[in-house]
Amino acid sequence: MRQYTFKTRLVAALLSGVVLCGTPAYIMAEDEDLTNQLDSIQQQVNQQNAAKADAETVIGSVSEQLRQIEEQLRQATAELGTIKEQRVAVENDITLNERQLAEAQKRLEGRESVFYKRVRDIYINGRLSYLDVVIGSKDFSDFANRLEVLKRIIDSDITLINEIKKERADIEAHKQKLEADRAKLVELEKAALAKQAEIEQKKAERNVVLQKAQNDRATAMQAIEELNASSAQVSAMLKERQAARAAAAAAAAAAAAQSSGGQGASDNWVQGTGQLGWPVSGEITSPYGYRVHPIWGTT
């Protein structure tokens, strides 16, 4: 029985070797081609992962830059708004100042007209005005009173005219200051607008870079997904081919084992005791020697 077991194992091993060594070369070449495809796909996946990582780095950096730019833009916009408010306030002050200046000029012209008329009358009439005051007076006391009143009127006119002139000069000086402030604010507003435009330009440029990086990342992710799908497909093909060959090998081994088992059943033998056995066993019907032919009767 041990000899039969050894023969069975030997036959199975030989059949397995025949199956394994008998794989056609073109099949092995196809498997190698699929394996090379897997290696190439993996290299492309690695490249796309690197591209994705680079894009994400750019996205992070540009996003931080945009955050800072947004803060700068907010400050610039607030500064521009403040300058505009100041400019509007100065323009309102200028409008009010011009109205005050016009009113002061009108008052000055009115007082100057009265004063100059009185001075002209005095110049034309000379001392007659004082004589009229004397003649028209009832007594010396009335004369003194009239003269004092006349003097006070003239002094009042002169004082009022001087005050109006000073007021007009102050208003004019204030107007010049307001005009200078307005000119300065206009320049500041221009500078603020230029700064705001510059920041907006930076923001637009960074947004272009961000959009490109986001597109690159999306492209890399799509490529990785497609490559992984291709890799899975090729791997499935390899597994199917290996499974098919394994099934074929198992079927061949089973067929070989069945054939080997049938041959072994026909070669059954019984182990003897070492003594030469008789060719046959049973009752002896005739001894060894010549025989009589049953038909011819000859020996």
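**Some points on the overall build of the protein**
Inference 1: Tallying secondary structure elements over the protein gives four helices and zero strands in all.
Inference 2: Ordered by position from N to C terminus, the α and β elements of the protein give α-α-α-α.
Inference 3: Among the 299 residues that make up the protein, the fraction classed as buried is 17%.
Inference 4: When contacts within the protein are restricted to residue pairs at least 6 apart in sequence, long-range pairs at least 24 apart make up 88% of them.
Inference 5: For the protein, the exposed area adds up to about 22,400 Å²; of that, 57% sits on carbon and sulfur atoms.

**Some remarks on the environment of Asn 49**
Inference 1: Structurally, Asn 49 can be placed in helix α2 (residues 25–125).
Inference 2: Look at Asn 49 and you get partly exposed, because its relative accessible area is 36%.
Inference 3: Sequence spacing of Asn 49 and Ala 223 is 174 residues, and the spatial spacing of their C-alpha atoms is 9.4 Å.

**Quick word on the pattern of salt bridges**
Inference 1: Across all of its chains, the model carries 11 salt bridges by this definition.
Inference 2: Here Lys 190 and Glu 187 are joined by a salt bridge, their closest N and O atoms 4.0 Å apart. Here the residue Lys 190 and the residue Glu 187 both occupy positions in helix α4 (residues 140–266), the gap between them amounting to three residues, near one helical turn.
Inference 3: One connected set of salt bridges, linked through shared partners, spans Arg 87, Glu 91 and Glu 189.

**What to know about the environment of Glu 56**
Inference 1: Of note, Glu 56 is situated in helix α2.
Inference 2: Taking the relative accessible area as the measure of exposure, Glu 56 reaches 37% and is therefore partly exposed.
Inference 3: A sequence separation of 157 residues divides Glu 56 from Ala 213, and the C-alpha atoms of the two residues are 7.3 Å apart.

**Considering the confidence of the model for the protein**
Inference 1: Taken over all residues, the pLDDT of the protein has a mean of 76, while the share at 70 or more is 70%.
Inference 2: Taken element by element, the predicted model of the protein shows its lowest mean pLDDT in helix α1 (residues 2–21) (44) and its highest in α2 (84).
Inference 3: Note that pLDDT drops below 50 for residues 1–15; the model gives that stretch seven contacts with residues more than four away or on any other chain.
Inference 4: The low-confidence segment residues 17–22 (pLDDT under 50) makes three contacts with residues lying over four places distant or belonging to another chain.

**Considerations on the environment of Ala 104**
Inference 1: Looking at where Ala 104 falls in the secondary structure, it is placed in helix α2.
Inference 2: For Ala 104, a relative accessible area of 0% puts it in the buried group.
Inference 3: Separated by 60 residues in sequence, Ala 104 and Ile 164 place their C-alpha atoms 6.5 Å apart.
Inference 4: Not counting the four nearest positions on each side in its chain, Ala 104 is found in contact with Ile 164, Glu 167 and Ile 171.

The rules behind each value
- For every chain, the first residue of the written sequence is number 1, and numbering continues from 1 along that sequence.
- Confidence filtering applies because this is a predicted model: local features only for residues at pLDDT of at least 70, side-chain atom pairs given and counted only at 80 or more, and all residues used for totals across whole chains, interfaces and linings.
- Think of the side-chain values as coming from all heavy atoms in the structure, minus any hydrogens and water.
- The numbering of helices and of strands both runs from the N terminus, where a helix is a DSSP run of H or I of at least 4 residues and a strand a run of E of at least 2.
- Relative accessibility under 20% of the residue-type maximum defines a buried residue, over 50% an exposed one, and the middle range a partly exposed one, all with a 1.4 Å probe and only protein chains included.
- Only heavy atoms enter the contact rule, under which two residues are in contact if any of them lie within 4.5 Å.
- Surface accessibility follows the Shrake-Rupley procedure with a 1.4 Å probe radius. Residue values consider only the protein chains on display as shielding.
- We define a salt bridge as a contact between a side-chain nitrogen of Lys or Arg and a carboxyl oxygen of Asp or Glu at a distance within 4 Å.
- The predictor reports its confidence for every residue as pLDDT, a score running from 0 up to 100.

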